[in-house]
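Remarks on the overall topology
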Amino acid sequence: MNADSELFGVVPIIPTPFTENEEIDEAALRDLIDFAVSSGIEAVCLPAYASEFYKLTDDEKLQVVRVAVEHAAGRVKIVAQSNHPSLKQAIRLAQANVAAGADVVSLAVPRIFSLPEESLKIYLSEFLQSIPDTPVLIQDFNPGGSSISVGFITELMAENLNFKYLKLEEPLCAPKFEGIIRETGGKIGLFEGWGGLYMLELIPLGIRGVMPGLAVSDILQKVFTLRNQGAHQKAFDLFEKVMPQIFFSLQNMELFHYAEKELLMARGILKNSIARKAAYIPDPSSVSYIKELNQRVLDVLNDETWEIRSLETTLSKA
């Protein structure tokens, strides 16, 4: 990947769509890719946590990447997540995804059980070395503790030239992001996850982008552009209108799957909100509230699209 094609901006996670019998719906997956392209998104990622990767077989993980690469046909870059707690299996997935045509390979730090950084260093180093010519994005999602340290990240970068991107998703992370940028000389492209909840705080620090859910990715791309180009009030105004939906859905990962797919249904992109079992079953009040929150997102799209796009055009010509 050359410098002109590096990941930048909003890189949403594509959810895995399922049929009524919980099989992967390839036609629906193609619709999701088309939506990302039509939204001006330049890259997408799958199958990640928000894709229910942990409910997919290894063959299914490869299947969704293959379908995405083939259907994208170069219209959008594909970041292929190759998660597995077994290094051997993670490498097999990664090499197969590279062979399928993925532009970037992503890997989540294994967090099923607590491991010392020495063990994680061996795992990540050998993974990176297995696909030396492919850019790699490392994700560290660790709800039970801290993410990998700045020193660890700096050493890993120095020893592996294809370690290009890092995605972190934890509260109060601005000092850590600043430390990473300082210690790596800005050579690691930093991405914020967790639905984009902390993006307005982190954009001025120099993050490369945000990795939220797909359903609000076009709106957050506008927020990202506005904030980067100095239209701070517009960025805050737009972000504040979708933040309640993001915040509520992130209370539980399985709830997020439901809310995300319900919003994609409301936008006319998916036909159902099926998640594989075991899945979160929302209570009636949550169902009602999610519908209300999703309607507010639809209202933003109906009321704000022309104004924000016009402002973006003005800023890009300035």
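The structure presented is a predicted model; accordingly, all values stated were derived computationally and were not measured.

Of regular secondary structure, the chain possesses 11 helices and 8 strands. Here the chain has a C-alpha radius of gyration of 19 Å; the compact-globule value for 318 residues is 20 Å, and the two agree. When its C-alpha atoms are laid out on the principal axes, the chain stretches across 50 × 50 × 40 Å. Split into buried and exposed, the 318 residues of the chain put 58% on the buried side. Long-range pairs, those at least 24 residues apart, make up 74% of the contacts in the chain between residues at least 6 apart in sequence.

If you look at the biggest cluster of nonpolar residues, it comprises 99 residues, and the most contacted ones within it are Phe127, Ile138, Phe163, Leu166, Met199 and Leu220. Among all residues touching Leu220, those that are not within four sequence positions of it are Val10, Gly195, Met199, Pro212, Phe239, Val242 and Ile246. Counting residues in hydrophobic clusters, the runner-up holds 6 residues, among them Phe248, Tyr258, Ala259 and Ile290.

Attention now moves to the packing of helix α5 (residues 150-159) against helix α6 (residues 174-184). Where α5 meets α6, the closest approach of the two axes is 10 Å, and the angle between their N-to-C directions is 35°. The two elements α5 and α6 cross, and the hand of that crossing is right-handed. Of the residues in α6, those in contact with Val150, Ile153, Thr154 and Met157 of α5 are Lys176, Gly179, Ile180, Glu183 and Thr184. In the contact of α5 with α6, the residues fall into 4 nonpolar, 3 polar and 2 charged.

Turning our eyes to something else, we now look at the sheet that holds strand β7 (residues 189-192). Read across the open sheet, the 8 strands follow the order β1-β8-β7-β6-β5-β4-β3-β2; overall the sheet is parallel. At either margin of the open sheet sits one strand with a lone partner, and together these are β1 (9-10) and β2 (43-46). As judged from the 3 bridges shared by strand β3 (residues 77-81) and strand β4 (residues 104-108), these two strands associate in the parallel manner. Among the inter-strand pairings, Ala80 is bridged to a residue of β4, identified as Val105. Of the strands in this sheet, β2 and β3 are in contact with helix α2 (residues 58-72), which crosses β3 at around 175°.

Turning our attention to the pairing of β7. Walk down a regular strand and you will see the side chains alternate between the two sheet faces. Of the two faces of β7, the one carrying Gly189 and Phe191 and the one carrying Leu190 and Glu192 are both buried. For strand β6 (residues 163-168) and β7, the ladder comprises 4 bridges, and the chain directions are parallel. Bridge assignment links Tyr165 to a residue of β7, and that residue is Gly189. Bridge count for β7 against strand β8 (residues 209-210) is 2 bridges, and the pairing is parallel. Within the sheet, the bridge partner assigned to Glu192 lies in β8 and is Val210.

This part covers helix α10 (residues 253-266). Along its 14 residues, α10 runs 20 Å from first to last C-alpha, staying within 8% of the 20 Å computed at 1.5 Å per residue. Most of α10 sits inside the fold, with 11 of its 14 residues counted as buried. When α10 is considered as a whole, its buried residues turn out to be Glu254, Leu255, Phe256, His257, Tyr258, Ala259, Glu260, Lys261, Glu262, Leu263 and Leu264. The N-capping residue of α10, defined by a side-chain oxygen 2.8 Å from the backbone nitrogen of Glu254, is Asn252. Immediately downstream of α10, the backbone of Gly268 shows phi near 80°, a positive value.

A few words on unusual backbone geometry. Following Leu46, the chain continues to Pro47 via a peptide bond in cis, the omega torsion being -15°. Within the secondary structure layout, Pro47 lies in the loop between β2 and α2. That bond from Lys277 to Ala278 is cis: its omega, 10°, falls within 30 degrees of zero. As for its position among the elements, Ala278 is in the loop between α10 and α11 (284-317). Unlike most non-glycine residues, Glu22 shows phi in positive territory, near 65°. Its identity as a non-glycine residue notwithstanding, Ala73 has a phi of 50°, on the positive side. Among the secondary structure elements, Ala73 is positioned in the loop between α2 and β3. Since its relative accessible area comes to 60%, Ala73 is described here as exposed.

On to the environment of Phe247. With respect to the element layout, Phe247 can be found in helix α9 (residues 232-249). Look at Phe247 and you get exposed, because its relative accessible area is 54%. When the C-alpha positions of Phe247 and Glu169 are compared, they lie 14 Å apart, and in sequence the two are 78 residues distant.

What follows concerns the pattern of salt bridges. Evaluated as defined, the whole model comprises 19 salt bridges. We note a salt bridge from Asp140 to Arg111, for which the minimum N-O separation is 2.8 Å. Placement of the pair is Asp140 in strand β5 (residues 136-140) and Arg111 in the loop between β4 and α4 (117-130), with a sequence separation of 29 residues. Overall, the relative accessible area of 1% leaves Asp140 in the buried class. Between Lys291 and Glu262 there is a salt bridge whose closest N-O contact spans 3.8 Å. With Lys291 in helix α11 and Glu262 in helix α10, the pair connects residues that are 29 residues apart, well separated along the chain. Owing to a relative accessible area of 48%, Lys291 belongs among the partly exposed residues under this scheme. Connected via shared salt-bridge partners are Glu26, Arg30, Arg66 and Glu70.

Cut-offs applied
- Residues numbered from 1 in each chain as written.
- Predicted model: local features only at pLDDT ≥ 70, side-chain atom pairs only at ≥ 80, totals over all residues.
- Heavy atoms only, no water.
- Helix = DSSP H or I, 4+ residues; strand = E, 2+ residues; numbered from the N terminus.
- Rg over C-alpha atoms; globule rule 2.2 N^0.38 Å.
- Buried < 20%, exposed > 50% of the residue type's maximum accessible area, 1.4 Å probe, protein only.
- Contact = heavy atoms within 4.5 Å.
- Core = buried A, V, L, I, M, F, W, Y, C linked by side-chain atoms within 4.5 Å.
- Axes fitted to C-alpha atoms, helices over the stretch in contact; angles between N-to-C directions.
- Left-handed = near helix turned anticlockwise from the far one by under 90°.
- Nonpolar A, V, L, I, M, F, W, Y, C, P; charged D, E, K, R; others polar.
- Pairing = 2+ DSSP bridges.
- Expected span 1.5 Å × (residues − 1).
- Polar contact = N/O pair within 3.5 Å; in protein donor to acceptor, adjacent residues only side chain to side chain.
- Salt bridge = Lys/Arg side-chain N within 4 Å of Asp/Glu carboxyl O.

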